[in-house]
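Descriptive structure summary
This is what each chain is made of:
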Amino acid sequence: MAAAEELAFHEFEEATNLLTETPDAVTTIRSDQLASREHVSVVVGSSVSYGAEELQEEGDKTALLQEEKPQPGFWTFDYYQSFFDVDTAQVLDRIKGSLLPRPGHNFVQHHLRNRPDLYGPFWICATLAFVLAVTGNLTLVLAQRQDPSIHYSPQFHKVTVAGITIYCYAWLVPLALWGFLRWRQGMREHMGPYSFLQTVCVYGYSLFIFIPTVVLWLIPVQWLQWLFGALALTLSAAGLVFTLWPVVQEDTRPVATALLSTVVLLHALLALGCKMYFFQPLPLQHVVPASQGTSLSPNNQLLLTPTWSIATS
Amino acid sequence: MAEAEESPGDRETASPRPLFAGLSDISISEDTPVEGEITIPMRSRAREFDSSTLNESVRNTIMRDLKAVGKKFMHVLYPRKSNALLRDWDLWGPLILCVSLALMLQKSSVDGEPGGGPQFAEVFVIIWFGAVTITINSKLLGGNISFFQSLCVLGYCILPLTAAMLICRLVLLAGPGPINFMIRLFVVVVMFAWSVIASTAFLADSQPPNRKALAVYPVFLFYFVISWLILTFTP
């Protein structure tokens, strides 16, 4: 029928228009789903000119069914499986995107594309916690090599501390941020706030840069450690700021600056806290007896002389 | 009545089909009850099996389970693409390995200092919760392996690391030193690689091909943490 062929041609245009208008649409590769959506859109949008009222009712019904596809309840396994629907290539692409932030390059829009995953944040946090504990222990081993009077111990409690700190940061801070952004939702016209999962994703992937930084902190040169720390912090915080900027820029000036500076400050506190706690230059209680020995390397001597002078003054 | 009508018909069609020739002759009077015994040979054999395991000596039962565990140890030591670990899974082996590893990781002296080695409960929790987390992760990624099969594989593949712990403890009896440390490092690295390869051989096939790396990485992290615990052990 000529009407059907005309219908087929218009279907395609209407479908692309609908997809551009609704940025919330999930970009899946399921062509049959797209086809049915096209069909639904045309039937509902156009007038009832081909005289099938039941066809329009059917279209309405299918439109309703399409939008209200029953979400599996949060007690079912399938609900959580939808958050792990990523491939290796996608995870690697998201990690690369977090390593190289660019202004205007929104992590959520470009990399997440409305398919946030929980795999990245969870395993990046786990890796970071274990790497922190392991490298912190390794610095103690290296310090003991240079100064045999330091007592070495495996320090297993640091694993627990690292794990709790990283996981609390990566899940509670996004919760607070998401809550705050939703509260200020009224001030925004263009962009809706990010969902909780997207915020968790952004924070989780932004922590990835700290993993190689922590490994590089093994090098016992102090200024190099601070340099690496500052570099990682700027990259990570820049990623967060560039992602949050489109959401926050429509808010009032003071609120926007306060929010962004709080985010950067919390991130800096995390990095500083990790450096101080896990990578102490030397255990302080062994400073006084160790300074009396003559078998000190120049590094340790530089660190020890100020504290020794304070102790003797 | 239907039979009476059918019988002439049957007789007529009896010649092309001699098989059913005598069917019309069979008739069961109402006096004889239809009864009998139906015996299924399978069921009786199963009953014999059950009663035999119930009556067998305790030594036989234990030896059978130990042999199953030992067979799986062999599969782990020489990893091939076989389904033996997956088909008949059991958790005895992982329990034995986990308990022996946790016992060996205990420090002999109690110093009371804050930074000590892991306690028994900590090692236990790391191994079992680590295995459960990896299993849940691989199931969420779409793998088609069952929960206990995955736990069984991950637990059995700790065997090389337990052997490394034993060797480390023996080497540490000789006294500390750099050569000592090199030997221990070499042994732990080799056993770590063996564990990862063995578990990957069993687990990798259950994942869709574009997500294999995502499912294998947590296994790598798990065995890395256990290897770290073994390497940093000081008596």
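Residues numbered from 1 in each chain as written. Chains lettered and ligands numbered in written order. Predicted model: local features only at pLDDT ≥ 70, side-chain atom pairs only at ≥ 80, totals over all residues. Heavy atoms only, no water.

A few words on the overall build of chain A. On a plain count of helices and strands, chain A comes out with 14 helices and zero strands. In chain A, the succession of helices and strands from N to C terminus is α-α-α-α-α-α-α-α-α-α-α-α-α-α. Among the 313 residues that make up chain A, the fraction classed as buried is 40%. When the accessible surface of chain A is totalled, it reaches about 17900 Å², and 66% of it is carbon and sulfur. (Helix = DSSP H or I, 4+ residues; strand = E, 2+ residues; numbered from the N terminus. Buried < 20%, exposed > 50% of the residue type's maximum accessible area, 1.4 Å probe, protein only. Areas by Shrake-Rupley, 256 points an atom, 1.4 Å probe, with all protein chains shown as cover.)

Here we take up the packing of helix H5 (residues 92-104) of chain B against helix H7 (residues 147-156) of chain B. All names here are of chain B. Two elements in contact, H5 and H7, have axes separated by 8 Å at closest approach and are oriented at 40°. Here H5 is positioned oblique relative to H7, judged by the angle of their axes. Note on packing geometry: the crossing formed by H5 with H7 is left-handed. Seen from H5, the contacting residues are Gly93, Pro94 and Leu97; seen from H7, they are Leu151, Cys152, Gly155 and Tyr156. Considering only residue class, the contact of H5 with H7 consists of five nonpolar, two polar and no charged. (Axes fitted to C-alpha atoms, helices over the stretch in contact; angles between N-to-C directions. Parallel < 35°, antiparallel > 145°, perpendicular 65-115°, else oblique. Left-handed = near helix turned anticlockwise from the far one by under 90°. Contact = heavy atoms within 4.5 Å. Nonpolar A, V, L, I, M, F, W, Y, C, P; charged D, E, K, R; others polar.)

With that settled, consider the state of the cysteines. Residue and element names in this part refer to chain A. Evaluation of the coordinates by the stated rule reveals zero disulfides over all chains. The cysteine Cys125 is free of any disulfide, with Cys168 supplying the nearest cysteine sulfur at 10 Å. Its relative accessible area of 0% is what places Cys125 among the buried residues. (Disulfide = S-S within 2.5 Å.)

This part is about the interface of chain A and chain B. With 25 residues of chain A at the interface, the matching set in chain B holds 28 residues. Of the roughly 2500 Å² buried at the junction of chain A and chain B (both faces included), carbon and sulfur atoms supply 67%. Inspection of the region where chain A meets chain B yields two salt bridges. Asp85 of chain A is paired through a salt bridge with Arg211 of chain B; the nearest N and O atoms lie 2.8 Å apart. At the surface where chain A touches chain B, the tally comes to nine residue pairs in polar contact (both at pLDDT 80 or more). Listed by contribution, the elements that provide at least two residues to the side of chain A that touches chain B are helix H4 (77-81), helix H5 (88-99) and helix H7 (119-146) of chain A. In terms of residues, the side of chain A that touches chain B owes the most to one element, H7 of chain A, which gives nine residues. (Buried area = accessible area lost by both parts, 1.4 Å probe. Salt bridge = Lys/Arg side-chain N within 4 Å of Asp/Glu carboxyl O. Polar contact = N/O pair within 3.5 Å; in protein donor to acceptor, adjacent residues only side chain to side chain.)

This next bit is on the UniProt feature "transmembrane region" (unreviewed entry) in chain B. Residues and elements named next belong to chain B. Per the UniProt record, "transmembrane region" (unreviewed entry) is annotated on residues 89-108, 120-141, 153-175, 181-203 and 215-234. Across residues 120-141, the secondary structure splits into 95% helix and 0% strand, with the terminal C-alpha atoms separated by 32 Å. End C-alpha atoms of residues 181-203 are separated by 32 Å, and the span's content is 100% helix alongside 0% strand. (UniProt positions renumbered as here; feature names shortened; annotations may be inferred.)

Tyr119, Leu132, Leu207 and Phe210 of chain A are the most contacted members of the largest nonpolar core, which has 58 residues in total. Take this core: its biggest share by element is nine residues, from H7 of chain A. Every residue in contact with Tyr119 of chain A, bar those within four places of it in the chain, is listed here: Phe83, Phe84, Val86 and Val91 of chain A together with Asn137, Leu141, Leu214, Tyr217 and Pro218 of chain B. The next biggest cluster of nonpolar side chains, apart from the first, holds 50 residues, and it includes Val187, Phe192, Leu229 and Phe233 of chain B. (Core = buried A, V, L, I, M, F, W, Y, C linked by side-chain atoms within 4.5 Å.)

This part is about the packing of aromatic side chains. Residues and elements named next belong to chain B. Applying the stated rule across the entire model yields 20 aromatic pairs over all chains. Ring geometry for Phe73 and Tyr156: centres 5.6 Å apart, planes at 70°, overall edge-to-face. Linking Phe73 in helix H3 (residues 58-77) with Tyr156 in helix H7, this pair joins segments that are 83 residues apart in sequence. Taken as a pair, Phe73 and Tyr156 share a single burial class, namely buried. On the numbers, 6.3 Å between centres and 70° between planes, the contact of Phe192 with Phe224 is edge-to-face. Placement of the pair is Phe192 in helix H9 (residues 178-203) and Phe224 in helix H10 (residues 212-231), with a sequence separation of 32 residues. The class for Phe192 is buried, based on a relative accessible area of 14%. In this structure Phe224 comes out as partly exposed when scored by relative accessible area, which is 33%. (Phe/Tyr/Trp six-rings, centres within 6.5 Å; stacked < 30°, edge-to-face > 60°.)

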